[in-house]
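Here are the chains, one letter per residue:
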Amino acid sequence: MEDSYKDRTSLMKGAKDIAREVKKQTVKKVNQAVDRAQDEYTQRSYSRFQDEEDDDDYYPAGETYDGEANDDEGSSEATEGHDEDDEIYEGEYQGIPSMNQAKDSIVSVGQPKGDEYKDRRELESERRADEEELAQQYELIIQECGHGRFQWALFFVLGMALMADGVEVFVVGFVLPSAETDLCIPNSGSGWLGSIVYLGMMVGAFFWGGLADKVGRKQSLLICMSVNGFFAFLSSFVQGYGFFLFCRLLSGFGIGGAIPTVFSYFAEVLAREKRGEHLSWLCMFWMIGGIYASAMAWAIIPHYGWSFSMGSAYQFHSWRVFVIVCALPCVSSVVALTFMPESPRFLLEVGKHDEAWMILKLIHDTNMRARGQPEKVFTVNKIKTPKQIDELIEIESDTGTWYRRCFVRIRTELYGIWLTFMRCFNYPVRDNTIKLTIVWFTLSFGYYGLSVWFPDVIKHLQSDEYALLTRNVQRDKYANFSINFTMENQIHTGMEYDNGRFVGVKFKSVTFKDSVFKSCTFEDVTSLNTYFKNCTFIDTVFDNTDFEPYKFIDSEFKNCSFFHNKTGCQITFDDDYSAYWIYFVNFLGTLAVLPGNIVSALLMDRIGRLTMLGGSMVLSGISCFFLWFGTSESMMIGMLCLYNGLTISAWNSLDVVTVELYPTDRRHRVLPCCPGW
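Residues numbered from 1 in each chain as written. Predicted model: local features only at pLDDT ≥ 70, side-chain atom pairs only at ≥ 80, totals over all residues. Heavy atoms only, no water.

**What to know about the overall build of the chain**
Within the chain, the secondary structure is distributed over 19 helices and 15 strands. By the burial criterion, 46% of the 677 residues in the chain qualify as buried. Taking the intrachain contacts of the chain between residues at least 6 apart in sequence as the baseline, contacts between residues at least 24 apart amount to 63%. (Helix = DSSP H or I, 4+ residues; strand = E, 2+ residues; numbered from the N terminus. Buried < 20%, exposed > 50% of the residue type's maximum accessible area, 1.4 Å probe, protein only. Contact = heavy atoms within 4.5 Å.)

Shown next, in the form of structure tokens:
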């Protein structure tokens, strides 16, 4: 019995020794398998997209293997040689951390420090590193998604939005001559009508860019396009000059946000090798908008018969019909944009991984189906998302009311927009911001300054031609007469009119100087560019005329009567060839942009962005210089077409350069596309 007991004891010890040896060999084999798996894992092209939690299935070399065998009899290599009676010492040997040593023990085993122990500067540094990694990952993902039907659909939708904004910008120059007359705008106030839209665009570029980083590209674009369309449509009905300026200001406010958002939105679904070319093609819609506005102005505004009136207080002339027609592309773009998804790059920046992945899969599947490869699978499983930094909102004691909460929220959002804007002036993008600001300002000043100034130049040149045909009548006296025809391009100086009747007369560019009207009657008279300077009216009757007080300059009235005086200034384009000519000239200037667009799109990726930008600005500057020597309409028109054709390449290359020089969260601050600067 005793011998058999000893045999069983030795057998059990031998079995334990064998089990420990098997466990030791198993751990070594598992560690070797993990090393090989990790080597293969890092060599895969999309290894960075794999789920970080999958690493829990493997255990790095040197650590214990906590598999199922450990639940039975196995022990770690660190405690090899102990039997199950000594398990109590394993915890002591491994060193269980106490509460006051928690932080030190975490660092000692090589694990990352928790966010609660990091300051904001460390968190921002980690976020920048994550953004750099995301940029590389995202480029590979977009390449896998391919370029096809989805990008082209978004191209036309965003192109429609860009076209709508281009139309609204060109509207200012086209309606300026007509609106000045219809709204009785004095020469001193006409400058505001030409610049108010650009003021709104400047403010809008700052505000909507920040909103696009908060709520998304699509939502921001929808809101600002709706603002643009609504106030552009409303401006066609208002009668007062001040309210009209207010509507155009808010319309420009919407335009300012739409232009930079369009380019950022489209650039975020394009691979780098496609970006320069397709952003240049997108710029063509701005030209299409200018052609549309020119053609509509040419076809609508000169037709005075399209207008109507409701009494003498409400006048709706043809240029207002033109403003409504120009708002239609904006409405169409808003409707089309509702069917497009949000930018996946923006969603990744704000930590919405699942939504971004679904949109990227949609892009991939849409393009693959269009290529006839519906069976191709989207292989991306996990995308890196930057670390999200919590934003603290100041809570005051009286924020229980809804209006206080709204105020605090709006103030916080505006402060966040300001901080994001100031990041454009931090290292390492500060130098780029300053340089691009100068380029944007100079290019915008030249291009949009000429677009507003040129219609007045044509009008001035035509006025000089009319001046040569003006008839001067001096020192004469008329009595007991009646006039019922049109008087045009005449200057009457020192005249005396006694007992005369002006019935149904149309005055066009007629000026009376130092003249006397005695016992005269003006009935059913309309006037355009007609003024009475230092004249005297005695016992004179004005019935159903449009003579506003500003048309009487230093004039004197003695026992005069006004009946049914027409409110507002009267506008007419009957037999007015100059109106057709001005809009046709602008149509030619806009059409001249087409060759420059095609050249820039084809050569952007071949000769480089900066080469095209510098060459285009030098050549356009030279052509603009020769406008100084323009003495005829034909010469001015030719130089304008040449300038527009050369400068468009600079615009296209500058758009691409600005998009590529800045990260996603700062593109809207430095892509003003004219309104920002």
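Continuing now.
**Quick notes on the packing of aromatic side chains**
Within this structure, the stated rule accounts for 49 aromatic pairs. When the ring of Phe156 is compared with that of Phe285, the centres are 6.2 Å apart and the planes differ by 90 degrees; the resulting orientation is edge-to-face. Of this pair, Phe156 sits in helix H5 (residues 149–182) while Phe285 sits in helix H9 (residues 272–300), placing them 129 residues apart in sequence. For Phe285, a relative accessible area of 12% corresponds to the buried category. Each ring, one from Phe537 and one from Phe552, has its centre 5.6 Å from the other, and the planes form 85 degrees; the classification is edge-to-face. Residue Phe537 is found in strand S11 (residues 536–538), and its partner Phe552 is found in strand S13 (residues 552–553); the two are separated by 15 residues along the sequence. A single burial state applies to Phe537 and to Phe552, both of which are buried. When the ring centre of Tyr138 is taken as origin, the NZ or CZ atom of Arg345, which lies over that ring, is 5.3 Å away. (Phe/Tyr/Trp six-rings, centres within 6.5 Å; stacked < 30°, edge-to-face > 60°. Lys NZ or Arg CZ within 6 Å of the ring centre and 35° of its normal.)

**Looking at a nonpolar patch on the surface**
Taken together, the side chains of Val618, Leu619, Ile622, Phe625, Phe626, Trp628, Phe629 and Met635 define a hydrophobic patch exposed on the protein surface, amounting to about 870 Å² of accessible area. Examining the composition of the nonpolar patch, we find that four residues originate from one element, helix H17 (residues 609–625), more than from any other. Assignment of secondary structure puts Met635 in helix H18 (residues 633–661). Residue classification places Met635 among the partly exposed residues on the basis of a relative accessible area of 33%. (Patch = residues over 30% accessible without salt bridge, like charges linked within 9 Å, V, L, I, M, F, W, Y side chains within 5 Å. Areas by Shrake-Rupley, 256 points an atom, 1.4 Å probe, with all protein chains shown as cover. Salt bridge = Lys/Arg side-chain N within 4 Å of Asp/Glu carboxyl O.)

**Observations regarding the pairing of strand S12 (residues 541–545)**
It is a general feature of regular strands that their side chains alternate between the two faces of the sheet. Relative to S12, strand S9 (residues 521–528) is paired through four bridges, and the arrangement is parallel. Bridge pairing links Val525 to Thr545 in S12. (Pairing = 2+ DSSP bridges.)

**Some details on the confidence of the model for the chain**
Do not read the predicted coordinates in detail wherever pLDDT is low. Scored by pLDDT, the chain comes out at a mean of 75, with 71% of its residues at no less than 70. Note on residues 41–111: pLDDT is under 50 here. Beyond four places in sequence and across chains, it has 60 contacts. (pLDDT = per-residue confidence, 0-100.)

**Some words on the packing of H9 against helix H10 (residues 318–337)**
Following both chains from N to C, one finds H9 and H10 inclined at 150 degrees, their axes separated by 10 Å at the closest point. Between H9 and H10, the interaxial angle falls into the category roughly antiparallel. Like other packed secondary-structure pairs, H9 and H10 cross with a definite hand, here right-handed. Here H9 contributes Tyr292, Ala293, Met296, Ala297 and Ile300 to the contact with H10, which in turn contributes Ser318, Val321, Phe322, Val325, Cys326 and Pro329. (Axes fitted to C-alpha atoms, helices over the stretch in contact; angles between N-to-C directions. Parallel < 35°, antiparallel > 145°, perpendicular 65-115°, else oblique. Left-handed = near helix turned anticlockwise from the far one by under 90°.)

**Section: the nonpolar core**
By size, the foremost hydrophobic cluster in this structure holds 114 residues, and its most contacted members are Leu158, Leu221, Met225, Phe266, Leu282, Phe322 and Leu360. Among the elements that take part in this core, H5 stands out by supplying 18 residues, more than any other. In this view, Met225 contacts Ala161, Ala164, Asp165, Ala258, Cys330, Ser333 and Val334; residues no more than four positions away in its chain are not counted. With 21 residues, the next largest nonpolar core counts Phe481, Met495, Phe512 and Val525 among its residues. (Core = buried A, V, L, I, M, F, W, Y, C linked by side-chain atoms within 4.5 Å.)

**Looking at the side chain of Asp546**
Relative to the helices and strands, Asp546 resides in the loop between S12 and S13. This buried residue, Asp546, is left without a salt bridge; Lys551 holds the nearest opposite charge, at 4.1 Å. There is a polar contact of 2.9 Å between the side chain of Asp546 and the backbone nitrogen of Ser527. (Lys, Arg positive; Asp, Glu negative; His and termini not counted. Polar contact = N/O pair within 3.5 Å; in protein donor to acceptor, adjacent residues only side chain to side chain.)

**Points about the pattern of salt bridges**
Within the structure shown, the criterion is met by seven salt bridges. Across the salt bridge formed by Glu168 and Arg248, the nearest N and O atoms sit 3.0 Å from each other. Placement of Glu168 in helix H5 and of Arg248 in helix H8 (residues 241–267) is noted, with a sequence separation of 80 residues between them. Taken individually, Glu168 and Arg248 each receive the classification buried, so the pair is uniform in this respect. We note a salt bridge from Glu349 to Arg345, for which the minimum N-O separation is 3.5 Å. Of the two residues, Glu349 and Arg345 both sit in helix H11 (residues 344–349), four residues apart, roughly one turn of that helix.

**Overview of the environment of Ile417**
Looking at the secondary structure, you find Ile417 in helix H13 (residues 402–422). In the structure, Ile417 is positioned 209 residues away from Trp208 in sequence and 9.3 Å away in space, judged by C-alpha atoms.

**Observations concerning unusual backbone geometry**
We note that Asn489 has phi near 55 degrees; this positive angle belongs to a residue other than glycine. Asn489 sits in the buried class, given a relative accessible area of 12%. Not every positive phi belongs to a glycine, and Ser509 is a case in point at roughly 55 degrees. Summarising the element assignment, Ser509 is placed in strand S7 (residues 506–513). On the basis of relative accessibility, which here comes to 30%, the residue Ser509 falls in the partly exposed class.

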